[in-house]
Amino acid sequence: MTTIHDSIIINITKVHDTRGNLSVIQEDTVPFEMKRIYYLYDIPSGGRRGGHSHIECQELLMALSGSFDVILNDGNETKTISLNKPNVGLLIPCGIWRELENFSSGSVCLVLASDVFKEEDYIRNFEDYKLSKNRIS
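Reading the values: the criteria
Residues numbered from 1 in each chain as written. Predicted model: local features only at pLDDT ≥ 70, side-chain atom pairs only at ≥ 80, totals over all residues. Heavy atoms only, no water. Phe/Tyr/Trp six-rings, centres within 6.5 Å; stacked < 30°, edge-to-face > 60°. Helix = DSSP H or I, 4+ residues; strand = E, 2+ residues; numbered from the N terminus. 1 Å grid on protein atoms, 1.4 Å probe; cavity = no way out; pocket = protein on both sides within 12 Å on 5 of 7 lines; lining within 4 Å. Points joined across faces, edges and corners; volume = space filled by probe spheres on them. Nonpolar A, V, L, I, M, F, W, Y, C, P; charged D, E, K, R; others polar. Buried < 20%, exposed > 50% of the residue type's maximum accessible area, 1.4 Å probe, protein only. Polar contact = N/O pair within 3.5 Å; in protein donor to acceptor, adjacent residues only side chain to side chain. Contact = heavy atoms within 4.5 Å. Patch = residues over 30% accessible without salt bridge, like charges linked within 9 Å, V, L, I, M, F, W, Y side chains within 5 Å. Areas by Shrake-Rupley, 256 points an atom, 1.4 Å probe, with all protein chains shown as cover. Salt bridge = Lys/Arg side-chain N within 4 Å of Asp/Glu carboxyl O.

Novice: Looking at this structure, how should I read the packing of aromatic side chains?
Specialist: The geometry of an aromatic ring pair comes down to the distance between the two centres and the angle between the two planes. In total, this model carries six aromatic pairs according to the counting rule given. Seen in terms of ring centroids, tryptophan 97 and phenylalanine 126 are 5.2 Å apart; in terms of plane orientation they differ by 75°. Their pairing is edge-to-face. A residue pair is termed long-range when its members are at least 10 positions apart, and tryptophan 97 in strand E10 (residues 97-101) and phenylalanine 126 in helix H1 (residues 126-136) qualify at 29 residues. Cluster of aromatic residues (ring-pair linked, three or more members): Trp97, Phe126 and Tyr129.

Novice: Would you mind going over the layout of surface pockets with me for this structure?
Specialist: Once rolled over the atoms, a probe with the size of a water molecule shows which space is left empty. Roughly 190 Å³ of volume is contained in the largest pocket. As for the largest pocket, its lining consists of Tyr38, Leu40, Arg49, Gly50, His52, Glu59, Leu61, Arg98, Leu100, Cys109, Val111 and Tyr122. Taken together, the elements giving at least two residues each to the lining of the largest pocket come down to strand E4 (36-41), strand E5 (49-54), strand E6 (59-65), E10 and strand E11 (108-113). A breakdown of the residues in the lining of the largest pocket according to their chemical character gives seven nonpolar, two polar and three charged. Among the residues forming the lining of the second largest pocket, the class breakdown is five nonpolar, three polar and two charged.

Novice: What is the right way to look at the side chain of aspartate 115 in this model?
Specialist: Tracing the chain through its elements places aspartate 115 in the loop between E11 and strand E12 (122-123). According to the relative accessible area criterion, aspartate 115 is buried, its value standing at 17%. Here the side chain of aspartate 115 touches lysine 118 through a polar contact of 3.0 Å, side chain to side chain. Ignoring any residue separated from it by four or fewer positions in sequence, one finds aspartate 115 in contact with Lys35, Arg36 and Cys57.

Novice: I would appreciate a short explanation of a nonpolar patch on the surface in the present structure.
Specialist: The grouping of Val15, Leu22 and Val24 at the surface amounts to a nonpolar patch, some 240 Å² of accessible area in total. As for its position among the elements, leucine 22 is in strand E3 (residues 22-23).

Novice: Please explain the pattern of salt bridges as it appears in this structure.
Specialist: Oppositely charged side chains are able to pair whenever their charged atoms sit close together. Overall, the coordinates contain seven salt bridges when judged by the stated rule. Residue glutamate 59 pairs with arginine 98 through a salt bridge whose shortest N-O separation is 2.7 Å. Placement of the pair is glutamate 59 in strand E6 and arginine 98 in strand E10, with a sequence separation of 39 residues. One exposure class covers both glutamate 59 and arginine 98, and it is buried. Note that arginine 124 and glutamate 119 form a salt bridge whose closest N and O atoms lie 2.8 Å from each other. On the basis of relative accessible area, arginine 124 is assigned to the partly exposed category, the value being 44%. Three or more residues are tied together by salt bridges with common partners; here these are Arg48, Glu99 and Glu101.

Interpretation note: all reported values are geometric properties and have no functional meaning in isolation.
Pasting the structure below:
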């Protein structure tokens with residue numbers, strides 16, 4: 001069964017240059033084939049995102065600008081990870097509930113996903129999520 005301990009930080013290579021830094025994400029950067037890329041921005045003060053789990057999809061979240069917190073929950077434990085560097089990503093495997101909050105002004109969250117959008121892959125109710133974890137264990 002997937003736990004919050006399966007969520008890992010991935011450091012993305014940062015190439016220093018006097019003209020500005022450069023980081024590259026390619027096929028060997030993440031442990032899945034990227035099928036969807038999207039980003040969250042202009043989150044209002046006090047706004048929250050996420051509030052779901054995926055059945056099959058894995059995601060890598062990065063703070064391209066600003067900062068935000070990712071609260072992970074596996075049905076037993078909760079862990080908060082702050083993202084605030086554009087060359088650091090949080091890999092969230094399937095089966096982990098996530099909530100995003102505490103967005104700084106101007107923050108941008110980039111998400112690389114292992115699958116295209118499929119509503120049936122989402123669990124959007126936390127009680128349903130906990131029930132799904134109990135069925136797996």
